[in-house]
Amino acid sequence: MDNDSLKKIISHSKEYGFIFPSSEIYEGLNAIYDYAHNGALLKNNIREYWWRSMVQLNENIVGIDSAIFMHPKTWAASGHVDAFNDPLIDNKDSKKRYRADVLIEEFIEKLKSKIQKEVQKAEKRFKEKFDKVQFLNTSPKILEITNQINELKSRMISAFEKDDLVEVKKIIDDMEIKCPISGTCNWTEVRQFNLMFSTKLGASEESSMDLYLRPETAQGIFLNYLNVQKTSRMKIPFGIAQTGKAFRNEIVARQFIFRMREFEQMEMQFFIKPGTQENWFNHWKDKRLSWHLNLGIDPSLFRYHDHDKLAHYADAACDIEFNFPFGFKELEGIHSRTDFDLKSHEELSGKKIQYFDPELDKNYTPYVLETSIGLDRMFLAIISNSFKVETLEDGSTRNVMSIPKQIAPNKLAVLPLLKKDGLPEYARKVMNEFSHKINLVYDEKDAIGRRYRRQDAIGTPYCITIDHDSLKNETVTIRDRDSMKQDRVKIEEVKKFLNSKIDISIWLKKLSW
């Protein structure tokens, strides 16, 4: 875990207007954050990229915006009232609380890293003669670690399926899993903690109804599934997409905006014919990874992680993990939810919500394939991948946010070289040419080099500098954030140049959905 890197990202995010601690003047709230002026723009751009690629590019996917408050029976049907729990354990020495399943999974990752180190040592030793497959299948040390991993996974899956918290604790004890803070194995017992926030709806205490803040956005889609299907005249397979806030009373909330109590999801529920879920599961795994890679981020920072422990509603689940500053963690989930949700709501509500298939001439309950990504986690993936401290040729350094240009908060900065001689007025005129189409900023304070550094730090892809030649021949200097290269171009060519570089439609075309 690179704590120093994460601290720099947190500091930079606050200093340059991306993310502020919420209620900071009152000492803040743990794991609650506010998106500042640049952060709100970036967040909106990520959301737009997801929405347009999901809804605009797929004629069989529509979008909705369901309410945060839902009837309390919703959460009984979904299983959240009885089963939406985290298995928690405390270290008596550090007084820190952890999710027991995460401790075990991180221990398994450490065992896997041991295998990787053995492979690297063998590669170095045998060079071109090295046969990786043979080595993995014959090395006694590798086989011993592999068997340990398989046995540990089997014990963990069995324990969680049976909700056997005593066995979960025994696994932690048997493996001598240590607290990352204290380094000791002095653990409490494991216990379950429900993650839903409760509230009340009504004018008085006597007449009020107990409600929950939604812990996920998916149920709003399921409750509206039949209404959407009928009014949009959709035929299976079809999808319903939604973005919105969700709330979980995370006891173990840490790692900046990675795990928060108030967060935003981008989810799509895809309704399919029973028996076709395996094909659609693989289809959406590929499509969703291609969406991430389309941003131009290094593919080695992503990986699939198949679930060993499945949720009560799923028959298959896979995460797309991203290599955050604290290691590979879940960024997006693809889940085959079977027909659990729709059947549960049908049984508890007493309302028929099946689909009539005209080709089969019969009713059935559709299966559901889900893609679910945390918008805040996607935001963190973008900024942690983009933030760099570069050493320049003259020995100086610059902080730069190499955010993918099509989703950068501001696409253009307009900079008059001086605050006189009509340059600011001309710069304002240039701004008016672009302000209706893109977000841009105007900056006339400080030397031009310092202003370039400010725009680098907030990720602005291009800077236009207005100088005295601009007044004479209507040309400007346009500077590229990443290369720092400067070119002289005609004002009339700037719009065409920007369209070819920062229009989000360019990315959407590449997806070929």
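Residues numbered from 1 in each chain as written. Predicted model: local features only at pLDDT ≥ 70, side-chain atom pairs only at ≥ 80, totals over all residues. Heavy atoms only, no water.

Points about the packing of aromatic side chains
So, point 1. Tallying each qualifying case throughout the model produces 20 aromatic pairs.
So, point 2. With a centroid separation of 4.6 Å and 15 degrees between ring planes, the pair formed by Tyr49 and Trp291 is classed as stacked. A residue pair is termed long-range when its members are at least 10 positions apart, and Tyr49 in helix α2 (residues 37-56) and Trp291 in helix α10 (residues 277-293) qualify at 242 residues.
So, point 3. Residue Tyr49 is classed as buried on the basis of its relative accessible area, which comes to 1%.
So, point 4. Here the aromatic rings of Phe222 and Phe271 are separated by 6.4 Å at their centres, their planes lie at 85 degrees, and the arrangement is edge-to-face. Of this pair, Phe222 sits in helix α9 (residues 218-232) while Phe271 sits in strand β10 (residues 262-272), and the two are 49 residues apart along the sequence. Each member of the pair, Phe222 as well as Phe271, carries the same accessibility label: buried.
So, point 5. Taken together through their ring pairs, the aromatic side chains of Phe258, Phe302, Phe322, Phe324 and Phe326 make up a single cluster.
So, point 6. Sitting above the plane of the Phe258 ring, Arg377 keeps its charged end 3.8 Å from the centroid. (Phe/Tyr/Trp six-rings, centres within 6.5 Å; stacked < 30°, edge-to-face > 60°. Helix = DSSP H or I, 4+ residues; strand = E, 2+ residues; numbered from the N terminus. Buried < 20%, exposed > 50% of the residue type's maximum accessible area, 1.4 Å probe, protein only. Lys NZ or Arg CZ within 6 Å of the ring centre and 35° of its normal.)

Some details on the nonpolar core
So, point 1. The biggest cluster of nonpolar side chains holds 58 residues, and the ones touching the most others in it are Leu42, Ile46, Tyr49, Phe379, Ile382 and Ile407.
So, point 2. The element best represented in this core is helix α12 (residues 375-386), accounting for 7 residues.
So, point 3. With 29 residues, the next largest nonpolar core counts Leu103, Phe130, Ala159 and Met175 among its residues. (Core = buried A, V, L, I, M, F, W, Y, C linked by side-chain atoms within 4.5 Å.)

Brief notes about the sheet that holds strand β19 (residues 412-416)
So, point 1. Strand order in the open sheet formed by 5 strands is β20-β19-β21-β22-β23, with mixed pairing between adjacent strands. Of all the strands in the sheet, the pair left with one neighbour each is β20 (440-442) and β23 (486-490). With direction set aside, neighbouring strand axes in the sheet form an average angle of 25 degrees.
So, point 2. As judged from the 5 bridges shared by β19 and strand β21 (residues 462-466), these two strands associate in the parallel manner. Of the residues in β21, the one forming a bridge with Pro416 is Ile466. (Pairing = 2+ DSSP bridges. Axes fitted to C-alpha atoms, helices over the stretch in contact; angles between N-to-C directions.)

Overview of the packing of α2 against α10
So, point 1. Running from N to C, α2 and α10 point in directions that differ by 140 degrees, and their axes come no closer than 12 Å. Compared by their axis directions, α2 and α10 come out oblique. For the element pair α2 and α10, the recorded crossing hand is right-handed. Across the interface between the two elements, Tyr49, Trp50, Ser53 and Met54 of α2 pack against Trp284, Arg288 and Trp291 of α10.
So, point 2. Its residues assigned to classes, the contact of α2 with α10 shows 5 nonpolar, 1 polar and 1 charged. (Parallel < 35°, antiparallel > 145°, perpendicular 65-115°, else oblique. Left-handed = near helix turned anticlockwise from the far one by under 90°. Contact = heavy atoms within 4.5 Å. Nonpolar A, V, L, I, M, F, W, Y, C, P; charged D, E, K, R; others polar.)

A look at the pattern of salt bridges
So, point 1. Under the definition given, this model contains 36 salt bridges.
So, point 2. For Arg288, the salt bridge goes to Glu332, with nearest N and O atoms at 2.6 Å. Here the residue Arg288 occupies a position in helix α10, and Glu332 occupies one in strand β13 (residues 327-338), the gap between them amounting to 44 residues.
So, point 3. Owing to a relative accessible area of 0%, Glu332 belongs among the buried residues under this scheme.
So, point 4. Here Arg303 ties to Glu321 by a salt bridge, and the two come within 2.7 Å at their closest N and O atoms. (Salt bridge = Lys/Arg side-chain N within 4 Å of Asp/Glu carboxyl O.)

Re the packing of α2 against α12
So, point 1. Relative orientation of the contacting elements α2 and α12 amounts to 110 degrees, with a least axis distance of 10 Å. In terms of axis orientation, α2 runs roughly perpendicular to α12. Crossing geometry of α2 relative to α12 is assigned as right-handed. Together, Gly39, Leu42, Lys43, Ile46 and Arg47 of α2 and Leu375, Asp376, Met378, Phe379, Ile382 and Ile383 of α12 make up the contact between the two elements.
So, point 2. Its residues assigned to classes, the contact of α2 with α12 comprises 7 nonpolar, 1 polar and 3 charged.

Focus on the environment of Asn432
So, point 1. Relative to the elements of secondary structure, Asn432 occurs in helix α13 (residues 423-434).
So, point 2. A residue is classified by how much of its surface remains accessible, and Asn432, at 57% relative accessible area, is exposed.
So, point 3. When the C-alpha atoms of Asn432 and Thr475 are compared, they prove to be 16 Å apart, with 43 residues separating the residues in sequence.

Remarks on the side chain of Asn58
So, point 1. Secondary-structure assignment places Asn58 in the loop between α2 and β3 (61-63).
So, point 2. Here Ser53 takes part through its backbone oxygen, which lies 3.1 Å from a polar atom of the side chain of Asn58. (Polar contact = N/O pair within 3.5 Å; in protein donor to acceptor, adjacent residues only side chain to side chain.)

So far we have only geometry, and geometry alone does not tell us how the molecule works.
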